[in-house]
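Per-entry structural report
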Amino acid sequence: MRIAINPQINMQKPFFTSSHRETGTIEEGTLNRNTTAFFRRDLAWNDFADLLVEKYKNKDKVNIYCYACSDGSEPYSVAMLLISRLGLEGAKKFFPIIAVDSDDYYFDEARKGNVKVNQGDAGAIGNKTGSDYKNYKKYIDINYDNYEKVDGYYYYNAKVKDFVRNSVVFKTGDIKKDIEKLNNPNTVLMFRNAFEYFDSQKAREEFIKNSRKNLGKNSVFVIGNCDRNYEIDKLLLSNGFKDPETCCWNCYTNPSFTGDKSSNNPQYLQSVFIKSS
């Protein structure tokens, strides 16, 4: 959730609460708050899984990078999704998922598979990996006796199962520098809801151009809903990425939206882009 941005402040002192990440300064207060969660709703996860399975069905190795990974909820979500679709053995060509953040605050716990979840997380895991919310028990153990209350929500200590934990590797890094190294073919780059941390729109435009130049053949770029505040979707399309006509973000009130899929329809917001050859 984006609260406010003060463009005059470059040096930011982070502070953290549970799975909520706030960035600010002592003098200025909170600038941004990013709420991380399992299977965040601004991606049509089932469509995303369909695309990955079909696009890479004849490939021996697929490289998935999840930048701005915070506490690991998103890369663990991807691992769970692929295992649920392909089985552990079938999903191995996508592993390990490389989870990267410039701040390693959460990494000690994330590497152990320790996360905090609420009931919404549990339901999302269950429903995205099976037909029933209770399916989450296959992938994560939740301790309902150990919790804290944040902003009116209960967050429970939880631990992802070892077969999920072993599918993700955590590293520190800077995507603006690393993009030149992500030149292997069959790469899936997930960098979602973090473009607000770039210094300027010019820096965002330059990064998208570098992404087009450096990402390997047959690659995919995945963004988040907040990134449209900076027209990242339009920048991707104008720099040689294609809309796969799937993996759209549908309004919460209409999850089965099948209407006009155009940029003029606010109910159709594209999240996944294919690098054209």
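Here, the structure is the one placed above.
Conventions we followed
Residues numbered from 1 in each chain as written. Predicted model: local features only at pLDDT ≥ 70, side-chain atom pairs only at ≥ 80, totals over all residues. Heavy atoms only, no water. Axes fitted to C-alpha atoms, helices over the stretch in contact; angles between N-to-C directions. Helix = DSSP H or I, 4+ residues; strand = E, 2+ residues; numbered from the N terminus. Left-handed = near helix turned anticlockwise from the far one by under 90°. Contact = heavy atoms within 4.5 Å. Nonpolar A, V, L, I, M, F, W, Y, C, P; charged D, E, K, R; others polar. Polar contact = N/O pair within 3.5 Å; in protein donor to acceptor, adjacent residues only side chain to side chain. Pairing = 2+ DSSP bridges.

**Digging into the packing of helix α1 (residues 45–55) against helix α2 (residues 73–91)**
Two elements in contact, α1 and α2, have axes separated by 10 Å at closest approach and are oriented at 65°. As α1 packs across α2, the resulting crossing turns out to be right-handed. Touching Trp 45, Asn 46, Phe 48, Ala 49, Asp 50, Leu 52 and Val 53 of α1 are Glu 74, Ser 77, Val 78, Leu 81, Leu 82, Arg 85 and Leu 86, all from α2. When the residues that make up the contact of α1 with α2 are grouped by side-chain class, the tally is 9 nonpolar, 2 polar and 3 charged.

**Some details on the environment of Ser 73**
One can find Ser 73 in helix α2. Separated by 37 residues in sequence, Ser 73 and Thr 36 have C-alpha atoms that sit 6.7 Å apart. If we ignore the near neighbours within four places in the chain, the residues touching Ser 73 are Thr 36, Ala 37 and Phe 38. A distance of 2.8 Å separates the side chain of Ser 73 from the side chain of Asp 71, its partner in a polar contact.

**Some words on the sheet that holds strand β8 (residues 153–160)**
Within a sheet, each strand pairs with its neighbour through backbone hydrogen bonds, oriented either parallel or antiparallel. The strand order across the open sheet formed by 3 strands is β6-β8-β7, and the pairing between neighbours is antiparallel. The sheet terminates laterally at β6 (114–117) and β7 (140–150), the two strands that pair on one side only. Direction aside, neighbouring strands of the sheet carry axes that sit 30° apart on average. Bridging between β7 and β8 involves 8 bridges; their strand directions are antiparallel. Considered in β8, the bridge of Tyr 147 is made with Tyr 156. Here helix α4 (residues 119–129) sits on the sheet in contact with β6, β7 and β8, set at roughly 150° to β7.

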